[in-house]
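# Architecture and fold: a report
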Amino acid sequence: MTKTTQQLTFSTRIDIEEGVRKELIDILNQQLADATDLFTQTKQAHWNVKGMDFFQLHELFDDLAKRARNFADLLAERVTALGGAALGTVRMAAEATTLPEYPLETVQGHEVVDLMVERWAAYAASTRAAIRRSGELDEPTTEDLLTEISREVDESLYFLEAHVQRQ
Ligand SMILES: [Fe+2]
């Protein structure tokens, strides 16, 4: 988890109470760490996948990696809009991420898809939990940003699961 004790905040005229801003900054920095990890892991899949479906998976993973990188940008800029410091380096992400590490030995297409499904599903769940908490904190703008991300995460999960779903 993100270290709340290291949280740096700046004064701002934004009309959101400080306690609410601080909790949201922690939530957003946690999502930022996971998004950064998800971005690098999806790139890892893009580079290392093997098998007869190589090319289409290589392309799909590249598209999903771009999405994850964009989530990180949106989250980081919401942190700073709330007067927080974005914790956005790869070292910070490595320390704070809740996702499991990418197993190097996993290379065959369907296994890599399973691995991606697991991580994108975890990110879908944490995003939805963050939406709920933003709602409880009565902060609709952060809730809306997370909802925008959530729609794209769910679609990405669908793209991945369509490769492995059975009736
Ligand atoms: Fe590439």
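These numbers were taken from a predicted model, which means no experiment stands behind them.

## Considering the side chain of D62
- Tracing the backbone shows D62 in helix α2 (residues 54-81).
- Here D62 is in contact with K43 and H46, once residues within four sequence places are set aside.

## Structural notes on the nonpolar core
- By size, the foremost hydrophobic cluster in this structure holds 41 residues, and its most contacted members are F61, F71, L75, M116, W120, Y123 and L160.
- Contributions of two or more residues to this core are made by α1 (18-48), α2, α4 (109-136) and α5 (140-161).
- Apart from residues no more than four positions distant in its own chain, M116 is found in contact with Q41, T42, A45, F61, Y102 and L160.

## Regarding the pattern of salt bridges
- A full pass over the atoms with the stated rule returns ten salt bridges.
- The partner of D62 in a salt bridge is K43, with the nearest N and O atoms 2.7 Å apart. Taken together, the residues D62 in helix α2 and K43 in helix α1 connect sequence positions 19 residues apart.
- On the basis of relative accessibility, which here comes to 17%, the residue D62 falls in the buried class.
- Taking the shortest distance from any N to any O, the salt bridge between E139 and R78 comes out at 3.0 Å. On the criterion of sequence distance, the pair formed by E139 in the loop between α4 and α5 and R78 in helix α2 is long-range, its members being 61 residues apart.
- Residue E139 is classed as buried on the basis of its relative accessible area of 4%.
- Because the salt bridges share partners, they merge into one network encompassing D63, R67, E152 and E155.

## Focus on the side chain of N29
- Its place among the elements puts N29 in helix α1.
- Looking at N29, the relative accessible area reads 2%, which means it is buried.
- From its side chain, N29 meets the backbone nitrogen of L87 in a polar contact 2.9 Å long.

## Some words on the UniProt feature "domain: Ferritin/DPS" (unreviewed entry) in the chain
- In this numbering, the UniProt entry assigns the feature "domain: Ferritin/DPS" (unreviewed entry) to residues 25-165.
- For residues 25-165, the end-to-end C-alpha separation is 37 Å, with 77% helix and 0% strand making up the annotated structure.

## Thoughts on α5
- Between its terminal C-alpha atoms α5 stretches 30 Å, which fits the 32 Å expected from 22 residues at 1.5 Å a residue.
- Those residues of α5 lying buried are T142, L145, L146, I149, S150, V153, S156, L157 and L160. Projected down its long axis, α5 carries its buried residues within an arc of 140°, all on one side. In α5, those exposed residues whose orientation departs by more than 90 degrees from the buried face are P140, D144, R151 and Y158.
- Along its buried surface, α5 packs onto α1, α2 and α4.

Basis of the calculations
Residues numbered from 1 in each chain as written. Predicted model: local features only at pLDDT ≥ 70, side-chain atom pairs only at ≥ 80, totals over all residues. Heavy atoms only, no water. Helix = DSSP H or I, 4+ residues; strand = E, 2+ residues; numbered from the N terminus. Contact = heavy atoms within 4.5 Å. Core = buried A, V, L, I, M, F, W, Y, C linked by side-chain atoms within 4.5 Å. Buried < 20%, exposed > 50% of the residue type's maximum accessible area, 1.4 Å probe, protein only. Salt bridge = Lys/Arg side-chain N within 4 Å of Asp/Glu carboxyl O. Polar contact = N/O pair within 3.5 Å; in protein donor to acceptor, adjacent residues only side chain to side chain. UniProt positions renumbered as here; feature names shortened; annotations may be inferred. Expected span 1.5 Å × (residues − 1). Arc of directions from axis to C-beta.

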